[in-house]
Structures are given as C-alpha cells and as structure tokens.
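# A structural walkthrough
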Amino acid sequence: LGLGLSSGSGSGSGSGIGLGLGLGLGLGLGIMATRAIFLGLGLMGAHGLALTTGMPNAAARMPQCAVQPGEFADRYDWKKQWYAVGFEKDMPKAGSPQPQPFSVFGEPYVVYSDGEGELVALEDRCPHRAAKLSHGSVKNGLLECNYHGWAFDSKGECKDIPQLSEGAVIPKAACVPQKTLKISEGIVYLWPGSPLEALASAPPQSKDNLNDEESLKKMIDVYSFTIDLPYSYELLLENLSDPAHIPVSHDRTPGGGKRENAQPLEMEVLDITPTGVESRFRNTRPKAKTSKKQETEDEAKDENTNAWTEIKIDAPGIVRYRFELPGGAAFGSALHCVPSSPYRSRLLFRTYFKGGGGVKGLLFKALFKSKTWYKPMWLRHLNSCKILEQDLGLITSQEDIMASKPGQIWADEALTLKSSDAVLIAVRQWLDGVGPALPHYQ
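Residues numbered from 1 in each chain as written. Predicted model: local features only at pLDDT ≥ 70, side-chain atom pairs only at ≥ 80, totals over all residues. Heavy atoms only, no water.

## With respect to the sheet that holds strand β14 (residues 158-160)
Quick reminder of the rule: Any two strands with at least two DSSP-identified bridges between them are counted as paired. A run of H or I in DSSP becomes a helix once it reaches four residues, and a run of E becomes a strand once it reaches two; helices and strands are each numbered from the N terminus.
Taken together, the four strands give an open sheet; going across it, the order is β11-β12-β13-β14, and neighbouring strands pair in antiparallel fashion. Looking at which strands have only one partner, the edges of the open sheet turn out to be β11 (137-139) and β14. Sheet analysis places strand β13 (residues 151-152) next to β14, joined by two bridges and oriented antiparallel. The residue of β14 that forms the bridge with A151 is D160.

Structure, rendered in structure tokens:
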C-alpha cells in the first residue's frame, strides 16, 4: 500500500489523499479553491505521489516540472553563446564615426566599424576612468574615448593618449578586451567568452537557412526590425512563446488575430534540453470566417485545420515559429530575445515567407503580394510596434507584481491551462533549468 497525494486540475487548486497498491491507481477526494468538490483518479509511483486530473478539467496549477530547477546549470555557460547584436544592414558602415552600445546581462560592449570597414567589438569601458567608449567616436579607424581622448585600435590596444609626456611609453594595461563577432543570415552575433572558444562555434541558424542563396531565391518576403524593451528577457520569451494570447490581446490589429478565434489549443512539448525547447501546437477548430474576403484569404492558409505549427526555443533565447502551407510554402520567424540587463531586453524580430511550387504555391505568393505591395516599410513597422505596445502594459504589470513579492515562485502566481500554456510552461522549465548559471535570473 502506498499513500498518495492527488491534485485537482479544475478552475482552482485542489488536493486530496489517495490510497493505492504499488504502481496502481489512487482515488482522491479534494476540495478546490472555488469550493467545488472534485473526484480525481491518478497514477501513483513507487514514491507514493499521485497526480490526478480532477473534475472539472478546466485549469491546472503548474504541473510537477519535468526539468528540475538548476538541472542544466552545470552544462550551460552564458558566455559561450551567440547573442544577436543587430541586423547587418543596421550596423555602422565604413567611415561611420558613431559606435553602437550593446549589453548582455549588464555586461557592456561597443560595436563600431574600423578604418577598413570591418565590424569590431570591444568591452565598453575605457581603462583610464571607466567611461563608456560608446559615448566616443571613431577617428582615423581608432575608437576615441570622449572623456580624455584615449584612442584604441580594433584589437583593443591603446594607440594614443594626448596627456602622455613626450617620450613616455603607453602602459601595457591601457587596453580593452576584444570580443568576437560573426555574421549569419544577415544578423551580427557577439560571443562574450574567449575568442579561441568562439572559433569552434557557429551562430545558430533557421531551418530554412537564410545564408543559402538558393533558399533566399525562394523567399517571397523577409521582414526584420530591432527594438529595445523595458522588461526582462524572461517575460519577453514567455510572451513570444504564447500563441494563445494573440487573438485576444491583438484583436483586429494588422499582424495580430481575431477575438472570435480564441480557442483551446492542442500543444505538445517534444523535448527540453540545455540547448532549448522543441514543441508544437495546432488549433482544435477552424478559424471563424468573418467575411467572404476573409474566407478567401484563409483558404490558402487553413486548408488543413490540423496542421501543426512548430515552436522551437534555441539558446540563449531565440523563439522560432514555422508553419508549412499548401504547395510547399512556409511561414517562419526568428525572434531573438537578448537579456540586456535586469528589466531590459532587446528584440530582433524577423519573419519570412518561403514560396512553394505548383498552383497552390503560386496562389499563395500572389495572395501575399496583393496584401503587402502597397504597404511602405514605415507602415509595417508601425503595425509591429503597435502589437508590442499592446503587450507592454500587460508584461510590465506582471513584472511589477513579481517585484512586489520578492522570493515568490513564479509557479505559485500562475494558474495555467494545458490547452494554452503547455509550451510556455516548458519555456519556463528551461529557464529554471539554466537559471542558476545566469548572472541574474527572475
């Protein structure tokens, strides 16, 4: 005989006592927070714990983690990761005097273009008085500090100190650590760790490989922008891996959803490892058709209502969506969440449409072009920023509540649904798994 605990998964929390044989079934009777009585049946393990699916099956507290907090900490090094600085098209060009600041977990870096037009990254700290070099400027290929004029080359070596006495030698300590940059799929990545270790590693890339010329030829559209946000990257990761909120929070917003399409989702978490999460979801019913035009537009996209959308989280924080469309076409996104500092993050947002073959592929291409040809880039940016602004107040309110309860565990504040939050829970489990290895973690 083993004594087991049973937990209700209804519209409130619930618990009870179960009794069973070995690995047999335990029957539990409990009272939920809503004062409704539920009867739960669960499987008991050898350790005597049983998790039930109580009635009614409307909601569930955070389930027991498949990944224990800190489980990945000894296999994860935040400095041995590639962090997206920005899109190559937005980086300083040859001859540009203006450097760009960048930070990861509060560690400051500066990126600029040297005299030969090559991008360079150094720690954003002058060895003289610790002023930020990003406040300076590039002159004759050297990055000059705007405090006292100390100038540094692309290796971080000081080449000029205006106040140095004639004949005096520049101190060897007057140098700035250099960091490694690599470019992949039009994105500039920085490696905070040792430059030697960076040589053996490559930045992550999408399944559709935007480095490949043949893949790029199949792209109907690639849309990208960068924005800095006033909340933590943990909550940004949660928000971007949460498809269930889109029809509600972004009702009738271009690029958003429609309130009547809010519905239970079928979600599957396939794997959680130190390198990220693999999951997928799909609708449980067809999307509502609000007009004849909408019906025509959805026809190419929703022919298969049960088609899965992949959601993959790649370390250190890339949210990738991919959905295959009729005729071999596909929609994909790579949403790079960068932990700038506590309560600050950077988002590199990219979506792309890949064309397919046959009549359906041509139909989808024509449909997409008909909806976007007349939209200038500033209007697309405006729509994207509107979506982020709609989430802004919600996410900062979450952060305020968490900050008001120091030491409170996130799971204790979240009443989650299997039919909307399963992927989000997996993301939080991954964050908890690597959390102790991070400089700061909420």
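## Some thoughts on the side chain of D124
Note the cut-off: Only protein chains enter the accessibility calculation, which uses a 1.4 Å probe. A residue is then buried if its area is under 20% of the maximum for its type, exposed if over 50%, and partly exposed in between. In summary, the charge assignment counts Lys and Arg as positive and Asp and Glu as negative, without counting His or the chain termini. Throughout this description, the term salt bridge denotes a Lys or Arg side-chain nitrogen within 4 Å of a carboxyl oxygen of Asp or Glu. Polar contacts, as counted here, are pairs of nitrogen or oxygen atoms within 3.5 Å of one another; within protein the pair requires one atom able to donate a hydrogen and one able to accept it, and residues that are adjacent in sequence qualify only if both atoms are side-chain atoms.
Here D124 shows up in the loop between β10 (119-123) and β11. Buried charge D124 goes without a salt bridge, the closest partner of opposite sign being K132 at 4.7 Å. Separated by 2.7 Å, the side chains of D124 and S134 make a polar contact.

## A closer look at the packing of helix α3 (residues 233-240) against helix α7 (residues 377-403)
Quick note on the threshold: Angular values range over 0 to 180 degrees, each being the angle between N-to-C directions of two axes fitted as lines to C-alpha atoms, with helices fitted over their stretch in contact. Roughly parallel here means an angle under 35 degrees, roughly antiparallel means over 145, roughly perpendicular means 65 to 115, and every remaining angle is called oblique. Working rule for handedness: look at the near helix, and if it is turned counterclockwise from the far one by less than a right angle, call the crossing left-handed; if clockwise, right-handed. It only takes one pair of heavy atoms within 4.5 Å for two residues to be counted as in contact. Following the grouping adopted for this structure description, the nonpolar residues are Ala, Val, Leu, Ile, Met, Phe, Trp, Tyr, Cys and Pro, the charged ones are Asp, Glu, Lys and Arg, and the polar ones are all others, Gly among them.
Between α3 and α7, the shortest axis-to-axis distance is 11 Å and the interhelical angle comes to 130°. With respect to α7, the axis of α3 lies oblique. For the pair α3 and α7, the sense of crossing is right-handed. Residue-level contacts link L235, E238 and N239 of α3 to D391, I395, Q398, E399 and M402 of α7. Classifying every residue of the contact of α3 with α7 by side-chain character gives three nonpolar, two polar and three charged.

## Regarding the sheet that holds strand β22 (residues 330-341)
Strand pairing in a sheet relies on backbone hydrogen bonds. The paired strands run either parallel or antiparallel. Strand order in the open sheet formed by seven strands is β17-β23-β22-β21-β20-β19-β18, with antiparallel pairing between adjacent strands. With one partner strand each, in any of the chains shown, β17 (219-229) and β18 (265-273) form the two edges of the open sheet. Between one strand and the next, the sheet's axes are offset by a mean angle of 15°, whatever the strand orientation. Sheet topology places strand β21 (residues 318-324) next to β22; seven bridges connect them, and they run antiparallel. Considered in β22, the bridge of R322 is made with G332. Packed on one face of the sheet, helix α9 (residues 418-434) meets β18, β19 (276-283) and β20 (309-314) and runs near 15° to β18.

## With respect to the side chain of K179
Following the sequence through the fold, K179 ends up in strand β15 (residues 178-184). A polar contact is formed between the side chain of K179 and the backbone oxygen of P192, at a distance of 2.8 Å. K179 has contacts with Y109, A121, E123, L190, W191, P192 and G193, leaving out every residue within four places of it along the chain.

## Let's talk about the pairing of strand β16 (residues 187-191)
The buried fraction of β16 is high, at five of five residues. Neither face of β16 is open: one carries I187, Y189 and W191, the other V188 and L190, and all of them are buried. Across four bridges, strand β7 (residues 83-87) lies against β16 in antiparallel orientation. Each bridged residue has a counterpart across the sheet, and for G86 the counterpart in β16 is V188. Here β15 pairs with β16 via five bridges, running antiparallel. The partner of K182 across the bridge, within β16, is Y189. Between the antiparallel neighbours β15 and β16 lie two residues, among them E185 with a positive phi of about 55°.

## Observations regarding unusual backbone geometry
Between A315 and the following residue, P316, the backbone shows a cis peptide bond with an omega angle of 5°. Structurally, P316 can be placed in the loop between β20 and β21. Backbone geometry at A130 places phi at a positive 65°, although glycine is not the residue there. With respect to the secondary-structure elements, A130 resides in the loop between β10 and β11. With a phi close to 65°, R252 is a non-glycine residue in the positive phi region. Tracing the sequence through the fold places R252 in the loop between α4 (246-249) and β18. By relative accessible area, R252 is classed as partly exposed at 48%.

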